[in-house]
Amino acid sequence: MLVAISSMQKFLSTLENKAFKDSLCGCYNRHFLEIKQAEFAVSNDALQELLPISFIMCDIDGLKVVNDTHGHDKGNEYITLCHQIINSSVHSDDFIFRLGGDEFLVILTNSEQRVAQERVTAIEAKMQEIKKEYNTSISIGYATADKHPVDYLQLIKEADQQM
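All residue numbers refer to positions counted from 1 along the written sequence of the respective chain. Thresholds applied to this predicted model are a pLDDT of at least 70 for local features of residues and 80 or more for the giving and counting of side-chain atom pairs; totals over whole chains, interfaces and linings are not thresholded and use all residues. For the side-chain quantities, the full set of heavy atoms in the structure was used; hydrogens and water were omitted.

Enquirer: Any chance you could explain the packing of aromatic side chains here in plain terms?
Expert: The geometry of two aromatic rings is summed up by the distance between their centres and the angle between their planes. Ring geometry is summarised as follows: Phe, Tyr and Trp rings, the Trp one being its six-membered ring, pair when their centres sit within 6.5 Å, and such pairs are stacked at plane angles under 30 degrees, edge-to-face over 60 and tilted between the two. Taken as a whole and assessed by the stated rule, the structure comprises six aromatic pairs. Considering the side-chain rings of Y28 and F32, the 4.4 Å spacing of their centres and the 20 degrees angle between planes classify their relative orientation as stacked. Burial here depends on accessible area, computed with a 1.4 Å probe over protein chains only, as a share of the maximum for the residue type. Under 20% is buried, over 50% is exposed, and the range in between is partly exposed. The class for F32 is buried, based on a relative accessible area of 12%. Relative to F95, the ring of Y28 has its centre 6.0 Å away and its plane inclined at 45 degrees; by these criteria the two rings are tilted. Highlighted residues: Y28 in strand β1 (residues 28–29) and F95 in strand β3 (residues 95–98), separated in sequence by 67 residues. For F95, a relative accessible area of 23% gives the class partly exposed. Counting every residue linked through ring pairs, the aromatic cluster contains F20, Y28, F32, F95 and F97. A ring is scored as having a charge over it whenever the NZ atom of a lysine or the CZ atom of an arginine sits within 6 Å of its centre and within 35 degrees of its normal. K21 extends its terminal NZ or CZ atom over the ring of Y28, reaching a point 5.2 Å from the ring centre. Helical segments are the DSSP runs of H or I of at least four residues, strand segments are the runs of E of at least two, and each set is numbered from the N terminus.

This is the structure in structure tokens:
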């Protein structure tokens, strides 16, 4: 009986991982972001506890060239490397989502605008180190909210426009 329960727990954990995590990078996926957005819409009070909150949008520039020139395996390697750079530039309690092929969203909780700018600067500096090898760059924009209520969709839009 204990073996069956343990096996079921492992199966559910694997299923949850596949549903909410990006298979290439291991960060959260767009589906999990949509769940978080729904939670925030239902209870903006839960979001208030995270204030100030900053959203950072990252878009990999030149990924198509990498894919076309070196193949999709090299492109996937580059996407993974970009995720590692973003991940190493933020705190473990921040959320990283891969929104699409070459887009990432980072949500920094309890982080004012100055902190968001520091994270952006760190990401940009680390990306400069690999620029020559891949001949690409990254566009980054961010937006911060420090008052309740928070329009999280507007924050994403502002961060996207800042790129």
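Enquirer: Just checking my understanding: could you explain the environment of A143 for this structure?
Expert: Turning to its location among the elements, A143 is positioned in strand β5 (residues 137–145). For the pair A143 and Q113, spaced 30 residues apart in the sequence, the C-alpha separation amounts to 7.4 Å. Throughout, a contact is declared for two residues whenever any of their heavy atoms are within 4.5 Å. Setting aside anything within four residues of it in sequence, one finds A143 in contact with I53, S54, F55, L155, E158 and A159.

Enquirer: Would you explain the pairing of β5 in this entry?
Expert: Two faces belong to every sheet, and in a regular strand the side chains alternate between them. Counting buried positions along β5 yields seven of nine residues, so the element is predominantly enclosed. Each pair of strands is called paired provided DSSP finds at least two bridges between the two strands. Pairing analysis gives nine bridges linking strand β2 (residues 53–61) to β5, with the strands arranged antiparallel. Of the residues in β5, the one forming a bridge with S54 is T144.

Enquirer: Can you help me understand the environment of F104 in this one?
Expert: Relative to the helices and strands, F104 is located in strand β4 (residues 103–108). Exposure remark for F104: the relative accessible area of 0% places this residue in the buried category. Spatially, the C-alpha atoms of F104 and I140 are 9.5 Å apart, while their sequence positions differ by 36 residues. Dropping the residues within four chain positions of it, F104 is found in contact with C25, C27, I56, M57, C58, I60, I79, H83, I86, I96, F97 and R98.

Enquirer: Could you clarify how one ought to interpret the sheet that holds β1 in this entry?
Expert: Strand pairing in a sheet is mediated by backbone hydrogen bonds. Such pairs are either parallel or antiparallel. What the five strands build is an open sheet, ordered β1-β3-β4-β2-β5; its pairing is mixed. Taken across any chain shown, the strands that pair with only one partner, and hence form the sheet edges, are β1 and β5. Axis definition: a line fitted to C-alpha atoms, over the contacting stretch in the case of helices. Angles run 0 to 180 degrees between N-to-C directions. Of the strands in this sheet, β2, β4 and β5 touch helix α6 (residues 113–134), which is tilted by about 175 degrees from β5.

Enquirer: When you look at the nonpolar core in this model, what are you seeing that I'm missing?
Expert: Buried Ala, Val, Leu, Ile, Met, Phe, Trp, Tyr and Cys residues that are joined via side-chain atoms within 4.5 Å together make up what is termed a nonpolar core. Among the nonpolar cores identified, the biggest contains 25 residues, and I56, C58, Y78, F104 and M127 are the most heavily contacted of them. Secondary structure elements with two or more residues in this core: β2, α5 (72–89), β4, α6 and β5. Broken down by element, the residue count for this core peaks at six residues, all from α6. Within the second largest apolar cluster, 18 residues are counted, among which are F40, I53, F55 and L105.

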